[in-house]
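# Chains, contacts and geometry: an overview
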Amino acid sequence: MSTRTLAREIEAMMARYPDGRSATLPALRLAQERYGWLSPDALREVADALGTTPAYCESVASFYDMFHLAPVGRHLVEVCTNISCALVGAQRVLEAFQAELGIGPGETTEDGEVTLRTVECAGGCGWGTVVVVDHRYREPVQAEDVPAIVEDLRHA
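Residues numbered from 1 in each chain as written. Predicted model: local features only at pLDDT ≥ 70, side-chain atom pairs only at ≥ 80, totals over all residues. Heavy atoms only, no water.

## Here's the deal with the sheet that holds strand β3 (residues 114-119)
- With mixed pairing, the five strands of this open sheet are ordered in space as β2-β3-β1-β4-β5. Lying at the two open borders of the sheet, with one neighbouring strand each, are β2 (107-108) and β5 (136-138).
- As defined by bridge partners, strand β1 (residues 75-80) adjoins β3 across six bridges and the pair is classed as parallel. When the sheet's bridge partners are listed, Cys80 is paired in β3 with Val119. (Pairing = 2+ DSSP bridges. Helix = DSSP H or I, 4+ residues; strand = E, 2+ residues; numbered from the N terminus.)

Okay, here's the thing in structure tokens:
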């Protein structure tokens, strides 16, 4: 997709809002869907379309867990570590993923297949520990469930 096409789509989004900067989140999401992550070039492209600065776009993107400011693997595993999940074993679940994948939070496997992240809250506080795999919620997850989840990822 060309830069011009993304800019046109962002401009169309901006028309839906009384203040064009209100389109920042949807514009960032669109760019991330297009490129897989928000590189400095992608942030500049969004900023140009919005009539703002790349620093502004980066400050917004860095606030939200759902935006990626670094490349991510083909599969994304996010472990909720907020208090509700922490109380029911989030740390053990995270450690199990680390052991199975051989990486720590914020890292991607050497083959580029899986990125492991922690998130502050996945919004499933009644069903902890919540693990989000490729944008699909799994809950409740226990440490002993992790090997099967990783095996599924390896065959997906």
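Now, onward.
## Details of the side chain of His68
- Inspection of the secondary structure assignment puts His68 in the loop between α4 (54-63) and β1.
- Its relative accessible area of 7% is what places His68 among the buried residues.
- Non-local contacts of His68, meaning those with residues more than four positions away in its chain, are made with Gln32, Gly36, Trp37, Leu38, Leu76 and Arg117. (Buried < 20%, exposed > 50% of the residue type's maximum accessible area, 1.4 Å probe, protein only. Contact = heavy atoms within 4.5 Å.)

## Quick notes on helix α2 (residues 24-35)
- For α2, with twelve residues, the first-to-last C-alpha span of 16 Å sits near the 16 Å given by 1.5 Å per residue.
- Listing the buried residues of α2 in full gives Thr24, Ala27, Leu28, Leu30, Ala31 and Gln32.
- Gly36, located one to two residues past α2, shows a positive phi value of around 90°. (Expected span 1.5 Å × (residues − 1).)

## Details of the packing of helix α6 (residues 90-101) against helix α7 (residues 146-154)
- Taken N-terminus to C-terminus, the directions of α6 and α7 make an angle of 45°; their axes are 9 Å apart at the nearest point. Comparing the axis directions of α6 and α7 gives the class oblique. As for how α6 packs across α7, the hand of that crossing is right-handed. Across the interface between the two elements, Val93, Ala96, Phe97, Glu100 and Leu101 from α6 touch Val146, Pro147, Ile149, Val150 and Arg154 from α7.
- Looking at the contact of α6 with α7 residue by residue, the classes come out as eight nonpolar, no polar and two charged. (Axes fitted to C-alpha atoms, helices over the stretch in contact; angles between N-to-C directions. Parallel < 35°, antiparallel > 145°, perpendicular 65-115°, else oblique. Left-handed = near helix turned anticlockwise from the far one by under 90°. Nonpolar A, V, L, I, M, F, W, Y, C, P; charged D, E, K, R; others polar.)

This is a description of form; function is not addressed.
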